[in-house]
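Fold and contact review
Listed below, chain by chain, are the residues.
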Amino acid sequence: MKLCRFNDGRYGLVQGEQLWDVSPVLAPAVASGALFTELVRLTPAITDHAARAPAQLLSAVHLLSPVPRPGKIVAAPVNYINHLIEVKQSSEIHHGVQIEEIQRIGLFLKAPSSLIGPADQINLRFPDRRTDHEVELAVVIGKRANRVTREKALDHVAGYSIGLDITLRGPEERSFRKSIDTYTVIGPWIVTPEEFGDPGDANLSLSVNGQPRQDANTRDLILSVPALIEYASTFYTLEPGDILLTGTPEGVGPIAPGDMISAAIDRIGIMNIGVAAP
Ligand code: MN
């Protein structure tokens, strides 16, 4: 099942180029803050309701982040070998900031206030400084996870989305540079685990103005999705609606006002978003 959030905060079941407004079915779960915990149980009611609702065109709605207000956004710093190599080779990327394998430096947090959806736009806050795109598989937590093992980790996932971890390059702390307003994009919808399948085998790619920049597969993650959930939940209790950004592969590069970013992940779809001046 693909579930989007659109317009003034409505929820839609997505199929192909269409969606069906299923907000009435989800309203009690949304009101009690249990939407992501209840998604599997609600799936039959969602599809029933959609069968009786009028179809709308995806192109005619404003897509919001499928998660409105995550409690936290946990992100992996350097989690693909080829990206680690490119970062170490370029001082314009690393700026002397500690760059080591993820097992040594751990994860970091992005401010939830940085989050936008695809109908919004990335506002470059410091256009005179290098700012990069990073496409990442995003994982939405569906069940509280505290010290879970990797074997049990995927039981705690509500679904998957495309994530952009927009990054101001420079010497400051990661969380500071990556938490600027509009510098986290999640969308275009959430795909539930039964439809998404194996998070360890999904192509992810990104182009800017039609020019390919990033193209990789999640099988090359240093810490897989289950290992990341295990690792993150060793430090924090992951709550339903929390987002885990799994790290970006090689091919990161600068963006500028006027650019159009197009990011794609297998079995999720394509997310387009524009870049604007401050
Ligand atoms: Mn990243």
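For the structure itself, look to the data block above.
Conventions used here
Counting from 1, residues in each chain are numbered in the order their sequence is written. Two thresholds apply to this predicted model, a pLDDT of at least 70 for residue-level local features and 80 or more for giving and counting side-chain atom pairs, whereas whole-chain, interface and lining totals are computed over all residues. The basis for every side-chain value is the complete set of non-hydrogen atoms in the structure, without hydrogens or water. Where helices and strands are cited, they refer to DSSP runs of H or I of at least four residues and of E of at least two residues respectively, numbered from the N terminus. The buried label goes to any residue with under 20% of its type's maximum accessible area, the exposed label to any with over 50%, and the partly exposed label to all in between, with areas taken from a 1.4 Å probe on protein chains only. Counting rule applied: Lys, Arg positive; Asp, Glu negative; His and chain ends not counted. Salt bridges, as used here, are contacts in which a Lys or Arg side-chain nitrogen is within 4 Å of a carboxyl oxygen on Asp or Glu. In the analysis that follows, any N or O atom pair within 3.5 Å is treated as a polar contact, provided that within protein one partner can donate a hydrogen and the other can accept it, and provided that, for residues neighboring in sequence, both atoms belong to side chains. In this description, contact between two residues means that some pair of their heavy atoms is separated by no more than 4.5 Å. At least two DSSP bridges between two strands are required for those strands to pair. For Na, K and Ca the donor cutoff is 3.2 Å, while for all other metals N, O and S atoms must lie within 2.8 Å; water is not among the atoms, so some sites may look incomplete.

We now examine the side chain of Arg177. Along the chain, Arg177 falls in helix H7 (residues 174–178). No salt bridge forms around the buried Arg177; measuring N to O, its nearest opposite-charge neighbour Glu172 is 4.4 Å away. Polar contacts involving the side chain of Arg177 include one to the main-chain carbonyl oxygen of Gly170, which spans 3.3 Å. Beyond its immediate chain neighbours, meaning those up to four positions away, Arg177 contacts Val97, Thr167, Leu168, Arg169, Gly170, Glu172 and Tyr183.

Before going further, it helps to spend a moment on the sheet that holds strand E13 (residues 167–168). Strand order in the open sheet formed by 3 strands is E13-E10-E18, with antiparallel pairing between adjacent strands. Pairing within the sheet leaves two strands with one partner each, and these edge strands are E13 and strand E18 (253–254). Note that strand E10 (residues 131–133) and E18 share 2 bridges and pair antiparallel. Residue pairing across strands places His133 opposite Gly253, the latter belonging to E18.

Here the focus is helix H9 (residues 225–235). Along H9, the residues classified as buried are Val225, Pro226, Ala227, Leu228, Ile229, Ala232 and Ser233. Its buried side turned inward, H9 meets strand E6 (73–75), helix H5 (102–105), strand E11 (135–141), helix H6 (150–153), strand E12 (157–165) and strand E17 (243–245).

The protein atoms donating to the manganese ion are Glu134 (OE), Glu136 (OE) and Asp165 (OD), with metal-donor distances spanning 2.0 to 2.2 Å. Summarised as a motif, the one-chain spacing of the donors to the manganese ion is E-x1-E-x28-D. The buried category is assigned to Glu134, whose relative accessible area is 2%.

Read these as spatial facts, not as claims about activity.
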